[in-house]
Amino acid sequence: MTSKSTLDASRLESLLESAQLLHASLDLEELLRHLLRTVMGRLMCTKALIAVARDGRMELAAARGVRLEQGQELEREQARASGIQHFYPIGAPEEPAGMLGIGKTLRPLEESDEAFLSALLGIAASGIRNASAHARAQRLNRVLEQKVQDLRTLLELVQSLTSTLEPTEIAHLLVLT
């Protein structure tokens, strides 16, 4: 086996491992940390960031080696000033799930590195979308639970108000509620 085929097998093994990890978790932060570690380790760079598509904008969600705040909109010029040199869409370029930015690599990127990165980011896109949808569903569930609790409280108030005709008792119920 030649050195090149060992590298190819290594990249394929790394892609398979990443695919399993990226789709095993619905925790977006964990998923993005794994993606950053994989990219930075494989490409040998010390600076990287990931922005995730939210509400029509790219929002910085994970970063290493750069002084940019999470949650802010990704501005390429500001990222370049922090040492980010290359930007790659995560998923389809027309409608990416996010954006990966990497800084200077310790060695020049080869064609095989670009192919690995493209495959990894394609795999990561569905994991990011799944984790983002899961987080959104959890937020909506919390809001819905609060609305249900509000309705229960209102129903209890109505039941209590209809069970008495005493003005002082009605006033007391209203104050408590």
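What you see is a predicted model; the values in this text were computed from it and never measured.

Draft legend 1. A look at the packing of helix α4 (residues 111-162) against helix α5 (residues 167-176). Relative orientation of the contacting elements α4 and α5 amounts to 170°, with a least axis distance of 10 Å. Considering their axes alone, α4 and α5 lie roughly antiparallel with respect to each other. Side by side, α4 and α5 meet where L157, S160 and L161 of the first sit next to I170, L173 and L174 of the second. In the contact of α4 with α5, the residues fall into 5 nonpolar, 1 polar and no charged.

Draft legend 2. Examining helix α2 (residues 28-43) more closely. Its 16 residues place the ends of α2 22 Å apart at the C-alpha level, agreeing with the 22 Å of an ideal helix rising 1.5 Å per residue. One or two steps after α2, the chain reaches M44, where phi turns positive at roughly 55°.

Draft legend 3. Here's a closer look at the environment of S25. Mapped onto the fold, S25 is located in the loop between α1 (3-24) and α2. With near-sequence residues (within four places) excluded, S25 lies in contact with E30 and L31.

Draft legend 4. Region of the structure containing the nonpolar core. In terms of nonpolar packing, the biggest core is built from 27 residues, with L32, L35, I50, I90, L100 and I128 touching the most fellow members. At the level of secondary structure, the elements contributing two or more residues to this core comprise α2, β1 (48-54), β2 (57-64), β3 (84-90), β4 (98-103) and α4. Excluding residues within four positions of it along the chain, L32 makes contact with I50, V52, A61, A62 and I128. A51, M58, L68 and M99 belong to the second largest nonpolar core, which has 11 residues in total.

Draft legend 5. How the structure looks around the packing of α2 against α4. At a minimum axis separation of 10 Å, α2 and α4 run at an interaxial angle of 175°. When the axis of α2 is compared with that of α4, the two are roughly antiparallel. For the pair α2 and α4, the contacting residues are L28, L31, L32, L35, T38, V39, R42 and L43 in the first and D113, F116, L117, L120, L121, A124, G127, I128, A131 and S132 in the second. Here the residues of the contact of α2 with α4 are counted per class, giving 13 nonpolar, 3 polar and 2 charged.

Draft legend 6. Here's a closer look at the pairing of β1. Burial analysis of β1 places 5 of its 7 residues in the buried class, which makes it a mostly covered element. Relative to β2, β1 runs antiparallel, the two being bridged by 7 bridges. Across the sheet, A51 pairs through a bridge with L60, a residue of β2. Count of turn residues in the β1/β2 antiparallel hairpin: 2 residues, of which D55 carries a positive phi of about 55°.

Draft legend 7. Examining a nonpolar patch on the surface more closely. On the surface, L151, L154 and V158 cluster together into a nonpolar patch covering about 290 Å² of accessible area. When you line up the elements, L154 lands in helix α4. The class of L154 is partly exposed, set by a relative accessible area of 47%.

Draft legend 8. Structural detail: the environment of Q72. Structurally, the position occupied by Q72 is in the loop between β2 and α3 (76-81). When the C-alpha positions of Q72 and E59 are compared, they lie 5.6 Å apart, and in sequence the two are 13 residues distant. When sequence neighbours within four positions are dropped, the list of residues in contact with Q72 reads R57, M58, E59, L60 and Q78. A distance of 3.2 Å separates a polar atom in the side chain of Q72 from a polar atom in the side chain of Q78.

Draft legend 9. Structural view of the environment of G71. Along the chain, G71 turns up in the loop between β2 and α3. Judged by relative accessible area, which is 31%, G71 ranks as partly exposed. Sequence-wise, G71 and A61 are 10 residues apart; in three dimensions their C-alpha atoms are separated by 6.1 Å.

Draft legend 10. Summary view of the pattern of salt bridges. By the definition in use, this model includes 6 salt bridges. In this structure, the salt-bridge partner of E73 is R57, at a minimum N-O distance of 3.7 Å. Linking E73 in the loop between β2 and α3 with R57 in strand β2, this pair joins segments that are 16 residues apart in sequence. Residue class for E73 comes out partly exposed when judged on its relative accessible area of 39%. According to the relative accessible area criterion, R57 is partly exposed, its value standing at 29%.

So, how was this worked out
- Residues numbered from 1 in each chain as written.
- Predicted model: local features only at pLDDT ≥ 70, side-chain atom pairs only at ≥ 80, totals over all residues.
- Heavy atoms only, no water.
- Axes fitted to C-alpha atoms, helices over the stretch in contact; angles between N-to-C directions.
- Helix = DSSP H or I, 4+ residues; strand = E, 2+ residues; numbered from the N terminus.
- Parallel < 35°, antiparallel > 145°, perpendicular 65-115°, else oblique.
- Contact = heavy atoms within 4.5 Å.
- Nonpolar A, V, L, I, M, F, W, Y, C, P; charged D, E, K, R; others polar.
- Expected span 1.5 Å × (residues − 1).
- Core = buried A, V, L, I, M, F, W, Y, C linked by side-chain atoms within 4.5 Å.
- Buried < 20%, exposed > 50% of the residue type's maximum accessible area, 1.4 Å probe, protein only.
- Pairing = 2+ DSSP bridges.
- Patch = residues over 30% accessible without salt bridge, like charges linked within 9 Å, V, L, I, M, F, W, Y side chains within 5 Å.
- Areas by Shrake-Rupley, 256 points an atom, 1.4 Å probe, with all protein chains shown as cover.
- Salt bridge = Lys/Arg side-chain N within 4 Å of Asp/Glu carboxyl O.
- Polar contact = N/O pair within 3.5 Å; in protein donor to acceptor, adjacent residues only side chain to side chain.

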